[in-house]
Each structure stands twice: as structure tokens, then as C-alpha cells.
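Residue strings, one per chain:
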Amino acid sequence: MIVPLLCFSGTMDAAEFRRRGREMVDYVADYLENIEQRPVYPDVEPGYLRSLIPTEAPLEPDNYDDIIKDVERIIMPGVTHWQSPYFFAYFPAASSYPAMLADMLCGAIGCIGFSWAASPACTELETVMLDWLGKMLKLPEHFIAGTHGHGGGVIQSTASEATLMSLLAARCKAVRRVQETNPERLEAEVLSKLVAYSSEQAHSSVERASLIGGVMMRKVPTDNTYAVGGGMLKKMLEEDRAAGLIPFYFCATLGTTSSCAFDHITELGPICNEENMWMHIDAAYAGSAFICPEFRPLLNGIEFADSFNFNPHKWLLINFDCSTMWVKKRQDIIGAFKVEPLYLKHENQESGLVTDYRHWQIPLGRRFRSLKMWFVFRLYGIEGLQAHIRKQVVLAKEFESLVRADKRFEICAEVVMGLVCFRLKGSNELNQLLLKRITESRTIHLVPCQLSGLFVLRFAVCSRVTDSGHVQHAWRQITQLSCELLQSDH
Ligand SMILES: *Cc1c(COP(=O)(O)O)cnc(C)c1O
């Protein structure tokens, strides 16, 4: 009895896969359809899981039904339900059925598309999808690969990697430029003089890129809207040049993580161009909204950028991971770290028509992620994607008016997209306590940020299925917890 069962479950064949696959699709659809019945935030202590599973992997195959049972018993109690309509934390993690299906196909093809020859469709669909998306955003022509372009796009795993790649490419370019006119200067000495810049409101991954890249980074102070303007950058550049340093890179943010502020790239771009500095634009969250004509003006100034990146895996219904990056001159990024072992060479690469994406990224291996873009773009259409963005912005505005109508609260930053920064008028301690009560309630989930020294609550419209009812419910929950808090002497 036992032996056939073990063989059966341990080696899933195509027939079994068909059956289990259909079951899994049902499980996934049930999970998502009923997700709002689950507490959005889990009630577990650190280390909860270890006590629930064996200390070693099984020597003999386990049974599939037991694994599925354990998903509800062991995994789900410790899941934060990012796709719940009551999830308002961080930024959205995009998700849609077409993207999930495409990801399944990606798993099935299972190619590792590091070069054109490693799977031509993987490379070619990616190039075309990045052109489609670039055109949806009305990016300047030099970012579009087309058939003869010098620029083009690539899918990175995350915005963090896109920033790092741009910084490393800029670093390489800067060193080469200095050494062209001063061949006696050693690379190590030039590197020690390079300075990168970013907003003090930039995402932590930007500072991290400078730490990994081994260059100094200075943080540019922001104005009263939490955005960087040209004046501030210019002043720092003058100081640093006078001190013998070499400014080489500026990372602008469109849609900061704390408050969705937009750096003034129409002022900053020309400065970067004049100073021979690489300008990278990180629009991880807000970038998706630029497919709507009413938000596109916020991208004006993009023509000055050397590289641009945003995360369709945040707000464009394409499941993680899909971070799209465009460069003005692909040679800047390809030429920075080119290594060509014989086993990766192929006969077509000399033709000039071929893209080998391994030169555009840090890892060698890469998945067929453009399938997700293709499925989503075709099944939603640009109009469907625009409708998704607009709906979420309307919901954020609805939440904003609820906050504004209550005199005990204040709005802390302009609501431009799907993020509302707000707080109870009063001390930071009071707001910290409010957030603690919200988190403990497990019915809605939010995270804080700090703005001008104030502890602020961030309400981000996240789930694809969030609607007005969920926003109203969230506000009732917040005001009820606030009442309790203000009545007690906390
Ligand atoms: C979310 C975010 C990031 C980080 O995104 P990853 O893709 O997880 O690296 C970077 N910058 C900004 C502005 C963000 O909002």
C-alpha cells in the first residue's frame, strides 16, 4: 500500500500535474475571492513557523494532499495578505490573473535568457515590450530600441538593481572620462573623489547603491513639498567642485516613498547635463501613472535623463518581479562590465542587431518576464490599465476628503496619486499609539513615515479590488480607534 503511494506523489507526472494544477487554480481563485475574510495582518510571534514543521527535509517523498493541508495550517496563519483590499501599507504589489497565468508559462518554458541565443523569444519579446511600454509613457525617442536605436529597455528584478546598475555605469563612465584627459590619475584615486547625489527623501536603496558601489553620496535637502529643486543641487555642486571632488551622478525621484513627492527634473536635468553628470530617475511607484495623459506632465524633463526606471510590479497589474529600466545609450551600460567567456558566445552576437541582456544586469540568469507584460497589456489594453490607475487615485482622494472633514486630523502632503499622508493633530507618541492599535486590530494594515520630524501615517491604495466600501470601512476603523485613544489618557 505505502510503496505505490510514495512513488506516485514523489514523481508528479503530467496527468497528476493536470489534476493538481486545476486544483491549485481553484485554490488560488478561492483565496483571492475570499481574501477580505482573512485578517490582513497575521497574529504570530517571530519563530512561530519552526515549531510547526520538521527540523529536516523528508527522506522519502511526502504526500501532496498533506502539503496542501499544511499550506492552510502553517503558511496562511503567517501571511500578510498584500492582495487584501484592507491592505494600505507600503505601496501596492501588483497582481492580476493574466500576469499569474503568464508566470506559469514562464515557469514551464523555464529558459534562462541571458543572451539572444539562449532563447531568442525571451530577448526579443522583452525588447518589444519595453518599446510598447516606453511608448505608452511617451518616453523620448532615444529610449526606444526600435530596430536602429542606441537606447532601449530591460527588465530588472527591482528598482534597487536598476539604481545600482545606473550608478555603476555612471561610475565607470566618469573614471574613463577623467583618465582620458589625465592618464596619470589612478582609478582608485579618481574613485575616491567621485560624488553621487540624491534627495534626502530618496528611497533607502539609493543610498545602498552608493555603499555597494563604493562611492560617496550626498543627500540634497528638499523644499517644503519634500522635492529637490535645481538651486539646492547647484549649491552643493559648487561646494564640492571647489573641494576638488568630482560630481558624477544624480538620482532624482518621481513619487518618493514617504509622501509621493516629485523632484523638479526640468530644473535638475539641465544642471546634470551641463555638469556631465549621469541623471537617473527612480519612479518606482509613480511611473505607472504616466500612462495617463493627466499625469504625464510630471514626467516632463525625462529628456535630460540618462536612465529611467519604474516598477510595473507595483502599480501596473504585473506581478513581482518586473522593474522596467530604459537607458539613453545602451553602450554606457553594456560597455561598463563586459566579460565574454567562450561558453556564452554565439555566432549572431557580432551582427549588431542582437541584444544580450546579461550585459545589462548584475546576474547572468534571467526569467522570461516579458510574458507577463505581454499578457497584461493585451488583456487589459492601455485603457484598462489607465482605468485601474484612475480608480485608485479617486479612492485616495476619497480617503483624503474623509480626513480633511475631521478636524482632529491633518493631511501632511499633497495627494497626487494613490497615497495619503495624514496624522492626528498632536504628538508623535499619540500617532505612534494610534498606528500600534491599528496594527493590533489586524483589520486594516498601514505603515508610517517621517516628514519634517513628524510621525505620519501612510494610507496607500494597494489591492486591485479595493473599492469605496473598503476605504470607508478603513476610515471608520481609524476614527473609532482614535476616539478610544483620545478618550483614554493613553
Ligand atoms: C518601492 C521603491 C523602491 C524599491 O523598489 P524595489 O523594486 O523593491 O527595489 C525604490 N524607490 C522608490 C521610490 C520606491 O517607492
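Residues numbered from 1 in each chain as written. Predicted model: local features only at pLDDT ≥ 70, side-chain atom pairs only at ≥ 80, totals over all residues. Heavy atoms only, no water.

A look at the site of the ligand
Defined as follows: Proximity criterion: a residue is near a molecule or strand once any of its heavy atoms comes within 4 Å of it. The term polar contact refers here to a pair of N or O atoms within 3.5 Å; inside protein, the definition further demands a hydrogen-donor-capable atom paired with an acceptor-capable atom, and it admits residues adjacent in sequence only when both atoms are side-chain atoms. Areas reported here follow the Shrake-Rupley algorithm with a probe of radius 1.4 Å; residue values treat only the protein chains shown as occluding. The helix count covers DSSP runs of H or I at least four residues long, the strand count covers runs of E at least two residues long, and both are numbered beginning at the N terminus. Polar here means any residue outside two lists: the nonpolar Ala, Val, Leu, Ile, Met, Phe, Trp, Tyr, Cys and Pro, and the charged Asp, Glu, Lys and Arg; Gly therefore counts as polar.
In the neighbourhood of the ligand, 14 residues make up the surrounding shell, with A159, S160, D282, N311 and K314 lying closest. In the environment of the ligand, a nitrogen atom lies 2.7 Å from a nitrogen or oxygen atom belonging to the side chain of D282. One of the side-chain N or O atoms of K314 is found 2.9 Å from an oxygen atom in the ligand. Look at the ligand: alone it shows 380 Å² of surface, and the protein chains cover 88% of it. Secondary-structure elements contributing two or more residues to the shell around the ligand are helix 6 (159–181) and helix 11 (312–315). Residues of the shell around the ligand, tallied by class, amount to 3 nonpolar, 9 polar and 2 charged.

Some points on unusual backbone geometry
In this model, F320 is joined to D321 through a cis peptide bond whose omega is 0°. Within the fold, D321 resides in the loop between helix 11 and strand 7 (323–327). Phi angles above zero are rare outside glycine, and Y90 is one such case at about 45°. Examined against the element boundaries, Y90 turns out to sit in the loop between helix 3 (64–75) and helix 4 (97–109). Phi angles above zero are rare outside glycine, and Y226 is one such case at about 70°. Note that Y226 resides in the loop between strand 3 (216–220) and helix 9 (230–242).

Considering the UniProt feature "modified residue: N6-(pyridoxal phosphate)lysine" (unreviewed entry) in the protein chain
Note the following rule: UniProt positions are given in the numbering used here, feature names are shortened, and annotations may be inferred rather than shown by experiment. The criterion used for residue contact is that any of the two residues' heavy atoms lie within 4.5 Å.
Using the residue numbers shown here, the UniProt feature "modified residue: N6-(pyridoxal phosphate)lysine" (unreviewed entry) corresponds to K314. The residue K314 is located in helix 11 in this model. Ignoring sequence-local partners within four residues, the contact set of K314 consists of F91, P92, A93, A94, A284 and Y285.

Focus: the pairing of strand 1 (residues 152–156)
Cut-off, in case you're wondering: Relative accessibility thresholds used throughout: buried, under 20% of the residue-type maximum; exposed, over 50%; partly exposed, between the two (1.4 Å probe, protein chains only). Strands were regarded as paired on the criterion that DSSP finds at least two bridges between them.
Counting buried positions along strand 1 yields 5 of 5 residues, so the element is predominantly enclosed. Of the two faces of strand 1, the one lined by G152, V154 and Q156 and the one lined by G153 and I155 are each fully buried. One ladder, built from 5 bridges, connects strand 1 with strand 7; its direction is antiparallel. Residue G153 lies in a different strand from strand 7, and its bridge partner there is W326.

Concerning the sheet that holds strand 8 (residues 409–411)
In plain terms, the rule: Axis lines are fitted through C-alpha atoms, for helices just across the contact stretch, and the angle between N-to-C directions can take any value from 0 to 180 degrees.
A sheet is described by the order of its strands in space; here 4 strands give the open sequence 8-9-11-10, paired in antiparallel fashion. Looking along the sheet, the strands with just one partner apiece sit at the ends: strand 8 and strand 10 (447–451). Mean inter-strand twist for the sheet, computed between neighbouring axes without regard to direction, equals 40°. Where strand 8 and strand 9 (residues 419–424) come together, 3 bridges link them in antiparallel fashion. Pairing of E410 across the sheet is with R423, part of strand 9. Those strands touched by helix 13 (residues 370–404) are strand 8, strand 9 and strand 11 (454–460), and its axis lies near 15° from that of strand 9.

Considering empty space enclosed by the protein
Put simply, the test is: Here a cavity denotes a set of grid points, spaced 1 Å apart and computed over the protein atoms alone, in which a 1.4 Å probe fits but from which it cannot get out, and a pocket denotes an open set meeting protein on both sides within 12 Å along at least five of seven lines; residues with an atom within 4 Å of a point are reported as lining. Grid points are joined across faces, edges and corners, and a volume is the space filled by probe spheres set on the points.
In this structure the tally under the stated criterion is 1 cavity of 30 Å³ or more. Put simply, the largest cavity is a space of about 60 Å³. Lining of the largest cavity is provided by 14 residues; of these, A94, S95, H388, C462 and R464 occupy positions nearest its centre. Those elements that place two or more of their residues in the lining of the largest cavity are helix 11 and helix 13. For the lining of the largest cavity, a count of residues per class yields 7 nonpolar, 5 polar and 2 charged.

Remarks on the pairing of strand 5 (residues 278–282)
Formally: The handedness of a crossover follows from its direction of travel: if, with the strands pointing away from the viewer, the path from the first strand over the helix to the second runs clockwise, the crossover is right-handed.
With respect to burial, strand 5 is a largely interior element, 5 of its 5 residues being buried. Covered by surrounding structure in strand 5 are W278, H280 and D282 together with M279 and I281, the residues of both alternating faces. Pairing analysis gives 5 bridges linking strand 4 (residues 246–253) to strand 5, with the strands arranged parallel. Among the inter-strand pairings, A252 is bridged to a residue of strand 5, identified as I281. Handedness of the β-α-β unit built from strand 4, helix 10 (residues 265–274) and strand 5 comes out right-handed. Of the strand pairs in this sheet, strand 5 and strand 6 (residues 307–310) are connected by 3 bridges, and their pairing is parallel. Across the sheet, I281 pairs through a bridge with F308, a residue of strand 6.

Here's the deal with the side chain of Q156
Considering the arrangement of structural elements, one finds Q156 in strand 1. Take Q156: its relative accessible area is 1%, and that puts it in the buried class. A distance of 2.9 Å separates the side chain of Q156 from the backbone oxygen of W360, its partner in a polar contact. When residues no more than four places from it in sequence are discounted, the contact partners of Q156 are A162, M165, C322, S323, M325, W360, Q361 and R369.

Structural notes on the pattern of salt bridges
When charged atoms on two side chains of opposite charge get close, those side chains can pair. How we decide: Take a side-chain nitrogen of Lys or Arg and a carboxyl oxygen of Asp or Glu: if they are within 4 Å of each other, that pair is a salt bridge.
With the rule as written, the count across this model stands at 28 salt bridges. One salt bridge in this structure joins D240 and R218, with 2.5 Å as the shortest N-O distance. Placement of D240 in helix 9 and of R218 in strand 3 is noted, with a sequence separation of 22 residues between them. What makes D240 buried here is its relative accessible area of 5%. A salt bridge links E410 to R423; its shortest N-O distance comes to 3.1 Å. You can see E410 sitting in strand 8 and its partner R423 sitting in strand 9, a full 13 residues away along the chain. A relative accessible area of 27% means that E410 is categorised as partly exposed.

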